[in-house]
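# Chain and residue survey
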Amino acid sequence: MKPHIFLVSLFLTCISCNKELSFENETFDKKTSLGCNKDCPEISIDIPIAKQKGITSDSINKKIFSVIKDIVYFGEKPLKSIDYDLLASSFIDSYEEMHKKFPSETFGWEAKIIGNIEFQSDQILNIKIDHYTFTGGAHGYQGFRSLLFDPKTGKVIFNDQIFKNPKEFKAFVEKEFRIKYEIPEKENINATGLMFENDKFQLPQNIFYTDEGLLLYYNAYEAASYADGPKEILFPYEKISSYLLYQ
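Presented here is a report on the structure given in the accompanying data block.

What counts, and where the lines are drawn
- Residues numbered from 1 in each chain as written.
- Predicted model: local features only at pLDDT ≥ 70, side-chain atom pairs only at ≥ 80, totals over all residues.
- Heavy atoms only, no water.
- Pairing = 2+ DSSP bridges.
- Helix = DSSP H or I, 4+ residues; strand = E, 2+ residues; numbered from the N terminus.
- Axes fitted to C-alpha atoms, helices over the stretch in contact; angles between N-to-C directions.
- Contact = heavy atoms within 4.5 Å.
- Core = buried A, V, L, I, M, F, W, Y, C linked by side-chain atoms within 4.5 Å.
- Buried < 20%, exposed > 50% of the residue type's maximum accessible area, 1.4 Å probe, protein only.
- Salt bridge = Lys/Arg side-chain N within 4 Å of Asp/Glu carboxyl O.

## A word on the sheet that holds strand 7 (residues 214-218)
Ordered in space as 6-7-8, the three strands form an open sheet in which the pairing is antiparallel. Of all the strands in the sheet, the pair left with one neighbour each is strand 6 (206-209) and strand 8 (231-235). Taken over all neighbouring pairs, the strand axes of this sheet differ in orientation by 20° on average, direction set aside. Across the sheet, helix 4 (residues 166-180) is in contact with strand 7 and strand 8; its angle to strand 8 comes to roughly 115°.

## Quick word on the nonpolar core
Counting residues in hydrophobic clusters, the biggest one holds 31 residues, and the most contacted among them are Ile45, Ile47, Ile64 and Tyr84. Sort the elements by how many residues they give to this core and helix 2 (residues 55-72) lands first, with seven residues. Not counting residues within four places of it along the chain, the set of residues in contact with Ile64 comprises Ile47, Pro48, Tyr84, Ile127, Ile129, Leu147 and Phe149. Listed in part, the 28 residues of the second largest apolar core include Ile124, Ile189, Phe235 and Leu244.

## A short note on the pattern of salt bridges
All chains considered together, the criterion is met by four salt bridges. Among the ionic pairs, Lys101 bridges to Glu97, the shortest N-O distance being 3.7 Å. With Lys101 and Glu97 both in helix 3 (residues 84-101) and four residues apart, this pair spans about one turn of that helix. Classification of Glu97 by relative accessible area gives partly exposed; the value is 49%.

Structural data, given as structure tokens:
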């Protein structure tokens, strides 16, 4: 290869590597075809999709789809491709199948998924999934999911990978959590009615990078009853920078 051709090729490669990920939100809506007077079962999915071709975008899109599928898919056969139209249709199909079997016991199914880019830097990409589902019972379930990615590779970053020492950070957070929710230092973490498993404090499953700081978010049932609602605690980055690997 001639030197100037090699340099041009290298330059174009570098531009491609450094090009920022771009996302576009797409919406997928489905509604039952069965007759209904009100509360007609429906599903709406509004989700960011990485548009650049390549392994990075494919990895991110695949993970997002997998998480949403876990929330709304009730079918027995696995979905082998990333197909949001098929996923939305399967939710309605599951309702209609149940309705045919138990017409007096199934009504008002609903699913609403909204995803957005919560935070993006050279080191980390944070996608937030706001989801609500109702498939019968006394009430539906609303919650948030945090998905963390390496924006260069598209690989998932797990919660314990964002801290230099997860155990030290956990001990720090427990002290701050007890102060915020007025739990005496020497008492059981569940002494005031919380529901931590095995009576031991745990970091939440969902941690968000935000413009204001690192948000630790416990959905309903993860640390407290549904009636008590979610719990959360926000730390400005300057307060916890010594604990973080990604900022």
